[in-house]
Amino acid sequence: MLQFASSDSSAESEVAKAESMAWPARSPDLNPIQHVWDMLGRCIVGRSVPPGTLHELQQALLQEWALLPQQTINSTIASMPRRCQAGISSRGYRTRY
């Protein structure tokens, strides 16, 4: 159970009302950040000169993150109901996502 350090009891009651889903142990299709990491990885691989050091990789990731359109991230998050339904329909096996 998550614990929040807050003196605001209304915030705690709102958290208590939140519904949660049981997530499969291995469900990267249902994790939007995995898809964002994949987008960033494809951007790095697509560079004309790949990063040669850890520092260059860090700098390249920061640059690509800044260039990643917020709408792309929002679309990935908005697709979660479809992703969840696809995961349910596939009975936990691979989905098109």
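Residues numbered from 1 in each chain as written. Predicted model: local features only at pLDDT ≥ 70, side-chain atom pairs only at ≥ 80, totals over all residues. Heavy atoms only, no water.

Student: Please clarify how the pattern of salt bridges should be interpreted in this entry.
Tutor: If charged atoms from side chains of opposite charge come close, those side chains can pair. Tallied over the entire structure, the rule returns two salt bridges. One salt bridge in this structure joins Glu-64 and Arg-47, with 3.0 Å as the shortest N-O distance. Of this pair, Glu-64 sits in helix 3 (residues 54-67) while Arg-47 is found in the loop between helix 2 (32-45) and helix 3, placing the two residues 17 residues apart along the sequence. Assessed through its relative accessible area of 24%, Arg-47 is described here as partly exposed. (Salt bridge = Lys/Arg side-chain N within 4 Å of Asp/Glu carboxyl O. Helix = DSSP H or I, 4+ residues; strand = E, 2+ residues; numbered from the N terminus. Buried < 20%, exposed > 50% of the residue type's maximum accessible area, 1.4 Å probe, protein only.)

Student: I'm lost on the packing of helix 2 against helix 4 (residues 70-78) in this one. Help?
Tutor: For any two helices packed against each other, the geometry is given by the interaxial angle and the distance between the axes. Between helix 2 and helix 4, the least distance of the axes is 9 Å, while the angle of their chain directions is 145 degrees. Helix 2 and helix 4 meet at a crossing whose hand is right-handed. The segment helix 2 lies against helix 4, with Pro-32, His-35, Val-36 and Met-39 engaging Thr-72, Ile-73, Thr-76 and Ile-77. Per-class residue counts for the contact of helix 2 with helix 4 are five nonpolar, three polar and no charged. (Axes fitted to C-alpha atoms, helices over the stretch in contact; angles between N-to-C directions. Left-handed = near helix turned anticlockwise from the far one by under 90°. Contact = heavy atoms within 4.5 Å. Nonpolar A, V, L, I, M, F, W, Y, C, P; charged D, E, K, R; others polar.)

Student: Looking at this structure, how should I read the confidence of the model for the chain?
Tutor: Keep in mind that low pLDDT regions are not for reading the predicted coordinates in detail. Of the residues in the chain, 70% have a pLDDT of 70 or more, and the chain-wide mean is 80. Across the chain, element-level confidence peaks in helix 3 with a mean pLDDT of 96 and bottoms out in helix 1 (residues 9-17) with 61. Across residues 1-6 the pLDDT falls below 50, and counting only partners more than four positions away or on other chains, this stretch makes four contacts in the model. (pLDDT = per-residue confidence, 0-100.)

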